[in-house]
Amino acid sequence: MKHQQIANDKKSTVLTLTGIIVMILLAVTKVVPSSQIAGYSVFVGIAFFFITEAAAKTGGDQSGLRFHTIVADLKKPGVVFWLLLPVVSGLAALVVGKLLFSGKFVAHVLGRTGSILSFDKPVLLIGQVVLAAFGEEIAYRGFFFGKGVKLFPVWVCAVVSSAVFAAGHIAPGDLRVVVYDIAGVFIDSLIFSVIYHKTGNCVISTFSHILGNAISMAAVFTFF
């Protein structure tokens with residue numbers, strides 16, 4: 001039994017490192033404006049999340065993807081505060097972006113998301129926002145951060161996973177606006193990492209991700 005556990009741990013370690021490296025390599029291709037493969041880092045992360053959980057025989061309350069503990073996880077100290085924080089950061093980013101860059105910041109964000117979101121079809125848009133956030137959270141918090149912390153310090157995993165996540169959101173545009181946009185994505189990713197670290201459940205970080213994106217999007221079309 002002990003030898004089997006050691007073998008499972010080794011297999012999980014190799015799979016985790018492999019998945020993280022592939023995700024990094026895919027995401028950083030975004031520095032080339034014409035690159036179209038960075039988004040596949042999410043699919044790689046999702047696949048490796050389930051593969052590593054299966055290899056380590058993770059299940060039940062130990063899984064990084066749990067629906068049956070949602071209520072208990074929300075009651076953990078500080079979770080609700082961190083869950084709501086991206087709403088504040090998102091609105092603040094819009095206000096400051098408006099002051100610094102006029103309408104260029106909102107135009108930039110709509111430009112980089114327009115290819116994957118159907119802004120003219122509300123029902124479809126809701127589904128796209130939910131699925132996109134859920135996929136990113138499984139990949140970057142459930143796998144990259146969640147499995148990475150078993151091999152590296154928490155702060156290293158939070159910073160590196162957030163930097164890679166932010167890199168995957170790079171889009172062509174005014175350098176100042178691009179840097180400002182990516183800085184905001186990086187900060188939100190750090191917040192999602194804290195939520196995952198507190199709950200061990202990417203369903204909770206997904207709630208935060210969806211809420212932050214949805215309210216920011218509503219604010220854009222209502223006030224900006």
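Check the entry above for the structure.
Residues numbered from 1 in each chain as written. Predicted model: local features only at pLDDT ≥ 70, side-chain atom pairs only at ≥ 80, totals over all residues. Heavy atoms only, no water.

Colleague: Looking at this model, I keep getting lost on the packing of helix α4 (residues 79–101) against helix α9 (residues 202–223). Mind explaining?
Modeller: Any two packed helices are characterised by the angle at which their axes cross and by the distance between the axes. One way to put it is that α4 packs onto α9 with a least axis distance of 9 Å and a crossing angle of 25°. In this view, α4 runs roughly parallel relative to α9, as classed from their interaxial angle. As for how α4 packs across α9, the hand of that crossing is right-handed. For the pair α4 and α9, the contacting residues are Val79, Trp82, Leu83, Leu84, Pro86, Val87, Gly90, Leu91 and Leu94 in the first and Ile204, Phe207, Ser208, Leu211, Gly212, Ile215, Ser216, Ala219 and Val220 in the second. Looking at side-chain class alone, the contact of α4 with α9 contains 14 nonpolar, 4 polar and no charged residues. (Axes fitted to C-alpha atoms, helices over the stretch in contact; angles between N-to-C directions. Helix = DSSP H or I, 4+ residues; strand = E, 2+ residues; numbered from the N terminus. Parallel < 35°, antiparallel > 145°, perpendicular 65-115°, else oblique. Left-handed = near helix turned anticlockwise from the far one by under 90°. Contact = heavy atoms within 4.5 Å. Nonpolar A, V, L, I, M, F, W, Y, C, P; charged D, E, K, R; others polar.)

Colleague: Can you walk me through the pattern of salt bridges in this structure?
Modeller: As a working rule, side chains carrying opposite charge can pair if their charged atoms are close by. Following the criterion strictly, the structure yields 7 salt bridges and no others. Here Asp181 makes a salt bridge to Arg112, at a shortest N to O gap of 2.7 Å. In this pair, Asp181 is assigned in helix α8 (residues 175–199) and Arg112 in helix α5 (residues 104–113), connecting sequence segments 69 residues apart. Given a relative accessible area of 3%, Asp181 falls into the buried group. Given the relative accessible area of 21%, Arg112 is considered partly exposed. (Salt bridge = Lys/Arg side-chain N within 4 Å of Asp/Glu carboxyl O. Buried < 20%, exposed > 50% of the residue type's maximum accessible area, 1.4 Å probe, protein only.)

Colleague: Is there a simple way to explain the packing of aromatic side chains in this structure?
Modeller: Two aromatic rings, taken as a pair, are described by how far apart their centres are and by the angle between their planes. One pass over the full model with this rule turns up 11 aromatic pairs. When the ring of Phe49 is compared with that of Phe50, the centres are 5.1 Å apart and the planes differ by 85°; the resulting orientation is edge-to-face. By relative accessible area, which is 0% here, Phe49 ends up buried. Three or more aromatic residues joined by ring pairs form one cluster here, namely Phe101, Phe105 and Tyr180. (Phe/Tyr/Trp six-rings, centres within 6.5 Å; stacked < 30°, edge-to-face > 60°.)

Colleague: Just to check I follow, could you spell out the side chain of Asn201 for this structure?
Modeller: Its place among the elements puts Asn201 in the loop between α8 and α9. We classify Asn201 as buried; its relative accessible area is 0%. One polar contact links the side chain of Asn201 to the main-chain amide nitrogen of Val203, over a distance of 3.0 Å. Beyond its immediate stretch of four places on either side in the chain, Asn201 contacts Gly64, Leu65, Arg66, Thr69, Asp73 and Tyr196. (Polar contact = N/O pair within 3.5 Å; in protein donor to acceptor, adjacent residues only side chain to side chain.)

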